[in-house]
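The primary structure of each chain is shown beneath.
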Amino acid sequence: MENQQERLQELEKRQDWPGLAKAYYELGCQAMDQGRLEQAALWLHRADTVYSAQDETYEAVDDQLIDDCSDRIGQLEEAPMLYNQIPERIEQAAEEMDDLLVRLWGLLSLSRLVPLMNRLSQLPGCQALNQLDWVIDVVLRSFQAPITQEQFDLLSYHCNAFYDLTDSELFYAGGQIDVPGGAPFQMFDLNGMMGTYLELNGYLDNHLRWLTAQTGREPQAETGAVSCALLLDYYVRVGDLPLDQIPQVQAELDRIWDDYRFLQSGVIWSQVAQRMADYKKMKP
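So, a few notes on the structure that sits alongside this text. (Residues numbered from 1 in each chain as written. Predicted model: local features only at pLDDT ≥ 70, side-chain atom pairs only at ≥ 80, totals over all residues. Heavy atoms only, no water.)

## A few points about the overall build of the protein
What counts is decided by this rule: Helix and strand definitions here come from DSSP, where helices need a minimum of 4 consecutive H or I residues and strands a minimum of 2 consecutive E residues; each element is numbered from the N-terminal end. With C-alpha atoms as the basis for the radius of gyration, the globule rule is written as 2.2 Å multiplied by the number of residues raised to the power 0.38. Exposure classes here rest on a 1.4 Å probe applied to the protein chains alone. A residue is buried below 20% of its type maximum, exposed above 50%, and partly exposed in between. Note on contacts: a residue pair qualifies if any of its non-hydrogen atoms lie within 4.5 Å across the two residues. Computed by Shrake-Rupley with a 1.4 Å probe, the accessible areas treat only the displayed protein chains as cover when residues are assessed. Positive charges come from Lys and Arg alone, negative charges from Asp and Glu alone, with His and the N- and C-terminal ends not counted. All charge positions are set by atom: Lys at NZ, Arg at CZ, Asp at CG, Glu at CD.
If you tally the helices and strands in the protein, you get 15 helices and two strands. Computed over the C-alpha atoms, the radius of gyration of the protein is 19 Å, within 12% of the 19 Å expected from 2.2 N^0.38 for a compact globule of 284 residues. Going through the 284 residues of the protein one by one, you find that 50% of them count as buried. A separation threshold of at least 6 residues defines the contact pool for the protein, and within that pool the share at least 24 residues apart is 70%. About 14,000 Å² of surface is accessible on the protein, with carbon and sulfur atoms providing 46% of the total. Positive and negative side-chain charges of the protein, numbering 21 and 46 respectively, have mean locations separated by a distance of 7 Å.

## What about unusual backbone geometry?
Of note, the phi angle at Q15 is positive, near 55°, even though the residue is not glycine. Looking at the secondary structure, you find Q15 in the loop between helix 1 (2–14) and helix 2 (17–33). Positive phi, normally seen in glycine, also occurs at L231, with a value near 55°. Tracing the chain through its elements places L231 in the loop between helix 12 (196–212) and helix 13 (232–238). Here L231 falls in the buried class, since its relative accessible area comes to 17%.

## Brief notes about the packing of aromatic side chains
The following threshold applies: Whether two aromatic rings pair depends on their centres lying within 6.5 Å, for rings of Phe, Tyr and Trp, where Trp uses its six-membered ring; planes under 30 degrees apart make the pair stacked, over 60 edge-to-face, and the rest tilted. Geometrically, a lysine NZ or arginine CZ counts as sitting over a ring once it is within 6 Å of the ring centre and also within 35 degrees of the ring normal.
Overall, the coordinates contain 13 aromatic pairs when judged by the stated rule. Relative to Y260, the ring of W105 lies with its centre 5.3 Å away and its plane at 45°, an arrangement referred to as tilted. Residue W105 is located in helix 7 (residues 99–111), and its partner Y260 is located in helix 14 (residues 247–264); the two are separated by 155 residues in the primary sequence. We note that W105, like Y260, is buried. Above the ring of Y279, the side-chain terminus of R112 is found at 4.6 Å from the ring centroid. Directly above the aromatic system of F262 lies the positively charged group of R275, at a separation of 4.0 Å from the ring centroid.

## A closer look at the nonpolar core
Convention followed: Among the buried residues, those of types Ala, Val, Leu, Ile, Met, Phe, Trp, Tyr and Cys that are joined through side-chain atoms within 4.5 Å form a nonpolar core.
Within the largest apolar cluster, 96 residues are counted, with the highest numbers of intra-cluster contacts made by W105, L107, L110, L113, L120, L243 and V249. Tallying contributions element by element places helix 2 first for this core, with ten residues.

## Focus on helix 5 (residues 63–76)
Using the following cut-off: A helix is expected to span 1.5 Å for every residue after the first. The arc in question is formed by the directions pointing from the helix axis toward the C-beta atoms. By the criterion applied in these results, polar contacts are pairs of N or O atoms within 3.5 Å in which, for protein atoms, one can donate a hydrogen and the other can accept it, and in which residues neighboring in sequence qualify only through two side-chain atoms.
Compared with an ideal rise of 1.5 Å per residue, which puts 14 residues at 20 Å, helix 5 spans 20 Å between its outermost C-alpha atoms and is within 8% of the ideal. Among the residues of helix 5, those classed as buried are L65, I66, C69, R72, I73 and L76. What you see down the axis of helix 5 is that its buried residues fit within an arc of 130°, all on one side. Pointing more than 90 degrees away from the buried face of helix 5 are the exposed residues D63 and Q64. The opening residue of helix 5 is D62, an N-cap whose side-chain oxygen sits 2.8 Å from the backbone nitrogen of Q64.

## Looking at the packing of helix 3 (residues 37–53) against helix 5
Put simply, the rule is: Only the stretch in contact is used when fitting a helix axis, every axis being a line fitted to C-alpha atoms; angles between N-to-C directions are given from 0 to 180 degrees. Every angle not falling under 35 degrees, over 145, or within 65 to 115 is termed oblique; those three ranges are roughly parallel, roughly antiparallel and roughly perpendicular. A clockwise turn of the near helix away from the far one marks a right-handed crossing, whereas an anticlockwise turn of less than a right angle marks a left-handed crossing.
Helix 5 packs onto helix 3 with a crossing angle of 140° between their chain directions and a minimal axis gap of 10 Å. With respect to their mutual orientation, helix 3 and helix 5 come out oblique. As helix 3 runs across helix 5, the sense of the crossing is left-handed. Where helix 3 abuts helix 5, its residues L37, A40, A41, L44, H45, A47, D48 and Y51 lie against L65, I66, C69, S70, R72, I73 and L76.

## A look at a negative patch on the surface
Cut-off, in case you're wondering: Without a salt bridge and with relative accessible area above 30%, a residue can belong to a patch; like charges are then joined within 9 Å and nonpolar side chains (Val, Leu, Ile, Met, Phe, Trp, Tyr) within 5 Å. Every case where a carboxyl oxygen of Asp or Glu lies within 4 Å of a side-chain nitrogen of Lys or Arg is listed as a salt bridge.
A surface patch of negative charge is lined by E77, E78, E88, E91, E95 and E96. By secondary structure assignment, the location of E91 is in helix 6 (residues 82–94). Exposure remark for E91: the relative accessible area of 47% places this residue in the partly exposed category.

## Here we look at the pattern of salt bridges
Between side chains of opposite charge, pairing is possible as soon as their charged atoms come close. Here the structure, examined in full by the defined rule, presents 17 salt bridges. A salt bridge links R14 to E10; the nearest nitrogen and oxygen atoms lie 3.7 Å apart. Of the two residues, R14 and E10 both sit in helix 1, four residues apart, roughly one turn of that helix. The shortest N-O distance in the salt bridge between D205 and R209 comes to 3.2 Å. With D205 and R209 both in helix 12 and four residues apart, the pair spans about one turn of that helix. Classification of R209 as partly exposed rests on a relative accessible area of 38%. Residues joined by salt bridges that share partners form a network here, namely R112, E252, R255, D258, D259, R261 and R275.

Here's what the structure looks like:
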């Protein structure tokens, strides 16, 4: 494990992105062949993110590696593991909710990311992440009353900024923060499932289209943001237990379903705002 980490760190230090993609791919193949499907998902998705981020990297990686990596990811998407089961359960539950409730469900999860994003924003080039707090507050207000054009434009700006980070070297170049009593948290640990940054971008993009849509043509609410605070990649990378046996993962799942019951009982805006405020104070 230590030699593996040293190899990855050396590739990051040299900014050998094709080599890093290959190293992640090899780790993913090894894990998949051994039946460690959660680890396989972690490493293969990292490989895909690295070689897809820049044209130069993509062209420098062997086509056979890319094709096999894509095939393996496709197989893993059908595997019985939490990476797949949680989004499926959330989508099923969302069928019993109206559009507003689904949007608020995602917003509550996003509020739990604020403490972590504030800390990650201290890394070089990642200052935009400390705006998540402002973003979700404006989104909440926009459900209750029209927002200004300036606020709309800033939401659009941050929507694009979250997306741009996914293709930036800053995302996968080894940036990390200390975690009291645990292993450091890497920027790249936000790559799990569909990717937290992509879910942030997707939520905001959908909301901006919702704000400007003609009545009856609003885009359907998406559920991806609901699971964005699970941080499964981190717990797979640093832990030895299956995801469903990790206390922090179970605690976040409990919060997700408690939010579901809270919203189903009826929306009281002051209570939604207070719950979001409480979540923002959680320790990252």
